[in-house]
Each structure stands twice: as structure tokens, then as C-alpha cells.
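Examining the three-dimensional arrangement
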Amino acid sequence: MKNQSKWTIIIVAVLLVSLMVLVACGDDETEEPTVQPTVEPTEPTAQPTEPTEAPTEPTDTTTPYDGPTWTYEVNYEDEVTTWTLDVSAEETKNGIDCMVAEGSLDVDPFRMANPSGAPTTVKGVRYWISKDTRDVQVAESTVSGLADLAVTQTYAYGGDHGQPFSMGDAYSVTQSTAINPPIYEAPDTPMNVEVTAVEDVELSEMGTMRCYKVEYTIQGNPIDTEWYSAEYDLAAPVKVMRYAQYQAIETKEMTSYDPMPKKNSNIPDVTG
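Residues numbered from 1 in each chain as written. Predicted model: local features only at pLDDT ≥ 70, side-chain atom pairs only at ≥ 80, totals over all residues. Heavy atoms only, no water.

Glancing now at the layout of surface pockets. One number sums up the size of the second largest pocket: a volume of about 200 Å³. Together, 13 residues line the second largest pocket, and Gln163, Pro164, Phe165, Asp233 and Asn264 are the ones closest to its centre. Here the lining of the second largest pocket is composed, by residue class, of six nonpolar, four polar and three charged. (1 Å grid on protein atoms, 1.4 Å probe; cavity = no way out; pocket = protein on both sides within 12 Å on 5 of 7 lines; lining within 4 Å. Points joined across faces, edges and corners; volume = space filled by probe spheres on them. Nonpolar A, V, L, I, M, F, W, Y, C, P; charged D, E, K, R; others polar.)

Before going further, it helps to examine the pairing of strand 14 (residues 250-258). Summarising the sheet, strand 2 (residues 69-76) and strand 14 pair through eight bridges and their orientation is antiparallel. Looking across to strand 14, one finds that Glu73 is bridged to Glu253. Both strand 13 (residues 239-242) and strand 14 contribute to a ladder of four bridges, which runs antiparallel. Bridged to Met241 within strand 14 is Thr251. (Pairing = 2+ DSSP bridges. Helix = DSSP H or I, 4+ residues; strand = E, 2+ residues; numbered from the N terminus.)

Moving on, we get to the environment of Tyr212. One can find Tyr212 in strand 11 (residues 207-218). Sequence separation between Tyr212 and Thr271 is 59 residues; the distance between their C-alpha atoms is 9.9 Å. Residue contacts for Tyr212: discarding those within four places in its chain leaves Phe165, Ser166, Met167, Val195, Ala197, Val198, Glu226, Trp227, Tyr228, Ala230 and Pro268. From its side chain, Tyr212 meets the backbone oxygen of Phe165 in a polar contact 3.2 Å long. (Contact = heavy atoms within 4.5 Å. Polar contact = N/O pair within 3.5 Å; in protein donor to acceptor, adjacent residues only side chain to side chain.)

Looking now at the pairing of strand 7 (residues 136-144). Of the pairings in the sheet, the one linking strand 6 (residues 119-130) to strand 7 comprises eight bridges and is antiparallel in character. Bridging across to strand 7, Arg126 finds its partner in Glu140. Counting the residues that bridge the hairpin from strand 6 to strand 7 gives five residues, and of these Arg134 lies at a positive phi of roughly 65°. Where strand 7 hands over to strand 8 (residues 148-158), the hairpin turn is made up of three residues, counted between the paired strands.

With that out of the way, let us pick up the packing of aromatic side chains. Taken as a whole and assessed by the stated rule, the structure comprises five aromatic pairs. Aromatic side chains Tyr76 and Tyr246 sit 5.9 Å apart centroid to centroid with 80° between the ring planes, which places their arrangement in the edge-to-face category. One end of the pair, Tyr76, is in strand 2; the other, Tyr246, is in the loop between strand 13 and strand 14, and 170 residues separate them in sequence. For the pair formed by Tyr76 and Tyr246, the shared burial category is buried. Cluster of aromatic residues (ring-pair linked, three or more members): Phe165, Tyr212 and Tyr228. (Phe/Tyr/Trp six-rings, centres within 6.5 Å; stacked < 30°, edge-to-face > 60°. Buried < 20%, exposed > 50% of the residue type's maximum accessible area, 1.4 Å probe, protein only.)

This is the structure:
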């Protein structure tokens, strides 16, 4: 109790002294300057940096190119159509310098797809052909059937491939197919390619031409056969037979090529 009374008296005395000081200050006409609180300088707020965009892949650019024009007579069962391929542009496709061959068809060809048997009408074709080896790198077609589809086929070659050919050349190629709209996913198709003969091929409009016979097979089964001129360096085969794509064989025969290049000096002999 004594200690408690002592601390009570001290606290009251302190409060009274404080009150007297406050009254005295209030009576003084001169006001003490108000001391502004010192504000420590703050570090500048770091501005958020814009996200760095990932480098974009170089885009393929199409430029004008003065290339050849050729025509095919195309047979499928009783149907005969004329396809004209014109090279008026070049483009780097998948790192390969290519000629772009744009196709125009006098009539939209009708086909029965294999193995489904679905009716298909070909509306247009376009090919990217290597300027070096004359291999098709990409093929595009627009087809109409149960649905309107854009079909893109990309080819990846293995080994020493393409022109100039020699008898016995052999290599591989894998065909990858993309369909838009993607109504189904097409599997990759690996094929073997071999130059199996040198033959004289009779062309109805261009006469007889010495050719390399190039066969495409899957596990020994024939898929396509193409004949490339050994007499002239042409951008496309002079004759094509497709066995597996449709339910009947499709045959293409070249009927013109312009401008015709100079004839080669070294022409191989016909094989047996």
C-alpha cells in the first residue's frame, strides 16, 4: 500500500508539472517552429520490365522466279484431264531453295480414295521442288469429298537422293501428311526409293525419251513409279504411275515442257 501511494503521488506530480509547462507555452506569443519530420529518401521503385519476346523463326519468303512450264495428260479409269504446272516463284522451304510449281487443271479430277473408297475431287495442286536435286519437298492439294480439305505432304529424304540419277541409286524418304481441318491424324509413311532401270519411254507428244526408272516401295510393295529424262535436266518426271493412292491406277504423261533445256552429252545405255 505504501509503495502504491508513493507511485500515485509521483505520477500526479508529473502530470501537474506537465500541465503547467503546457499553460506557459500557450501564453507565449512566440510560437516555436514546427519541426517537420525528416523523411528518409526512398529508393526509386523499379519499373516492371517488358517481357522479352522469344526470337521468331525466319519465315519463308516467296519471290518471283522465271521457271519452266510443263503439261501432263492425266488418265484415271475413263477420265482424261490436262494439268499445267507453272513455275513463276521460288521459296526457301525447310532450309532448301525450291521452285514453286502452281498447278491449274482443265477439269477437277474425280478419284476414289484408297482404301476407304471415299469419293474425292481434286481442286488444285502446288509443289515445292528442290532447285538442286529436283525432289519434291512439299506438296499441297485441295480436295473436296465428304469434307473440303487442305492436304499438305512433307518429304524427308535420307541418303544421297535426287538428280542427277545413276543406275542403282537407292535411298529412303518419309512422307508426313497434315490435314486441315484435322479430321484425323495421318501416320508418317516411310518408303524406299531405287533407280531400277534405264528405259526408252514413248511419249505421245514428245517422242521417245531415254529415262531413269525410279520406283517407290513400302516393304517391297509398289507405291509409285516415275520416269525421269536422262537426256534433259527437267524439273519433273516425264511419266508417273500411282498405284496405291487411289482405287485405280493414275497415269501422268508429259506432253510439253518450255523452255526445253539443252540436251545432255552423256546419255546412259538402256539396261537389259
